[in-house]
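Close look at the chain arrangement
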Amino acid sequence: MSGGWRLDAAVRNLLDQAWHVYRDNPRAADQLRHQSARLDQPLRVAVVGGWRSGKSTMLNALMGEEVAPVDGSAFTWYEDGPHPDAVGYSTNHPPQRLAVQRSGTGMRVDLAGWRAGELRDIVVRWPARSLRPVTLLDTPAVGADEGTGGPANGGGPGRDPVMERVLRETDAMLYLTRDARGADLHGLASARESAVGQAAPVNAILVLSRVDETGGGRVDALLGARQLARRALREPHVDALCVTAVPCSGLLGLAGRLLGEPDFAALTALAQVPRAELEPYLLSAERFGRGEPPVPLDAATRAALLDRLGLVGVRLATTLVRTGCASRAALSTELVRRSGLGELRESINRLFVDRREVLKARSALVAVETLLRAEPGPGTAELLGTLEQILASAHEFQESRLLAALRDGRLGFAAELAEEARRLVGGDGDAPAARLGVTPDATARWLWEASAEARWRWQERAENPALPLPQRRGAQVVVRTCDALLTKLQGRAPY
């Protein structure tokens, strides 16, 4: 059935064929063995973005603890582990264990003795439930100077080395952008340079990461950011680069998850000041930090609030306290909700974690295509033909795209139809019973009849000229899913 096992089997077979073609090429053979092993490892998800896009803050928000950044010029991998641990890798020294210092809200990796840019990779193991199904990667900034991790001086066209490595070594990415326009998307566009990238743009979620700033601290900032995300997805060049777009402020989300009672007490004191008196001090971080607002908060406390929430977050939090968030827990919950973090985590779970076998198979296809085109030889043309056949028949990629479109409502299906389509294409699991919404002990005949009925209903929609084209195309994907169900069940239903 769909959801990955047919695609997985085809990809494993392709890797085996490729290994036989390249078995006398030690480097290529090692690459293929490595790629085969990755199919059985946790999903790798990179957090990618430009300079000061909020990558490390977003990663901390997703984990619910302050563990990043470690080194802005290194690729830092976060894996689940029984206890905190970190190992540094450089090109000139053997791997070295790094000291880890725990704090009340997370940890810090001690890089004493290492020069900036000297470490190539850092692997951090941290006991976190969020890391069990995935390995997260905090990358240097796209377009950054390779030695310092800071913004590059100039730079011309060409593939960014950070994006090259992300596309080579990870399965999916969160691509952080301010507004999904212009140069912000140049790095992401490189993902479409391969045949796999063009056929299966299912490995990237575009994250509008400045919800707090673009909303100016308004209580309805997330609503405006959602509208911006929907407008971005209506642009063909954006839709072709990602599976969906989600607004999320990592800073607000992290602040909500780590908000302490002292933070809440300070915000409550600010909220008690009449708005007209407080507002002048919330016009800039300098005024708030160095001025003397009419509230008994010392400079250190105000600096801590700015560090935790940012100026826009302080403005939003005081508004929320004034309008009914009367406890730390209530304010924490509301900040997380308004940050968009919950929606982002749900998108990651549904579109990445639940579809991890599909995404890992896609990564293997990218690796094989890259190798075949870079090192052609006897047998490689036939393998490229096989790869293209896999891409043409891999319905799993179309299901992933439809799931994302159903989640953000861009197709305009009525709620009941959208829910049925979501379930049929694997939103509740890959088993036939889960897709058809029947009990797990349903007989094969019952499953077959339910599949046939669903196919008939969705075929009518796919052929209905009165429906908008996006809805007809979505219905066609559901019809193909039902066809796959019927094929799988064929011969199992007694008549």
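Residues numbered from 1 in each chain as written. Predicted model: local features only at pLDDT ≥ 70, side-chain atom pairs only at ≥ 80, totals over all residues. Heavy atoms only, no water.

Now for the overall build of the protein. Along its length, the protein carries 23 helices and ten strands. Relative to the globule expectation of 23 Å for 495 residues, the C-alpha radius of gyration of the protein, 25 Å, shows essentially globular dimensions. Seen along its three principal axes, the alpha-carbon backbone of the protein occupies a region of about 80 × 60 × 45 Å. Across the 495 residues that make up the protein, the buried fraction comes to 52%. (Helix = DSSP H or I, 4+ residues; strand = E, 2+ residues; numbered from the N terminus. Rg over C-alpha atoms; globule rule 2.2 N^0.38 Å. Buried < 20%, exposed > 50% of the residue type's maximum accessible area, 1.4 Å probe, protein only.)

With that out of the way, let us pick up the environment of L136. Among the structural elements, L136 can be located in strand β7 (residues 134–138). Residue classification places L136 among the buried residues on the basis of a relative accessible area of 8%. Separated by 47 residues in the primary sequence, L136 and Y89 have C-alpha atoms spaced 17 Å apart. Those residues in contact with L136 that lie beyond four places of it in its chain are V45, L59, M63, T76, W77, Y78 and L131. (Contact = heavy atoms within 4.5 Å.)

With that settled, consider the packing of aromatic side chains. Two numbers describe a pair of aromatic rings. These are the distance of the centres and the angle of the planes. Using the criterion set out here, one finds one aromatic pair in the structure. The residue whose ring lies beneath R165 is F75, and the NZ or CZ to ring-centre distance is 4.3 Å. Of note, R461 hangs over the ring of W458, and the distance from its end group to the ring centre comes to 4.6 Å. (Phe/Tyr/Trp six-rings, centres within 6.5 Å; stacked < 30°, edge-to-face > 60°. Lys NZ or Arg CZ within 6 Å of the ring centre and 35° of its normal.)

With mixed pairing, ten strands are arranged side by side in an open sheet as β5-β4-β3-β6-β2-β7-β1-β8-β9-β10. Since the sheet does not close on itself, it has two edges, and those belong to β5 (106–110) and β10 (244–247), each with one partner. Geometrically, the sheet is characterised by an average inter-axis angle of 25 degrees between neighbouring strands, direction not taken into account. Relative to strand β8 (residues 172–177), strand β1 (residues 43–49) runs parallel, the two sharing five bridges. (Pairing = 2+ DSSP bridges. Axes fitted to C-alpha atoms, helices over the stretch in contact; angles between N-to-C directions.)

Take the pattern of salt bridges next. Within the structure shown, the criterion is met by 36 salt bridges. Put simply, R355 and E399 hold a salt bridge, and the shortest N to O gap is 3.5 Å. One end of the pair, R355, is in the loop between α16 (341–353) and α17 (356–374); the other, E399, is in helix α19 (residues 395–407), and 44 residues separate them in sequence. There is no split in this pair, since R355 and E399 are both buried. With a shortest N-O distance of 2.1 Å, R457 and E420 are connected by a salt bridge. Of this pair, R457 sits in helix α22 (residues 444–462) while E420 sits in helix α20 (residues 415–424), and the two are 37 residues apart along the sequence. R457 gets classed as partly exposed once you look at its relative accessible area, which sits at 24%. Connected via shared salt-bridge partners are R120, D121, R165, R168 and E169. (Salt bridge = Lys/Arg side-chain N within 4 Å of Asp/Glu carboxyl O.)

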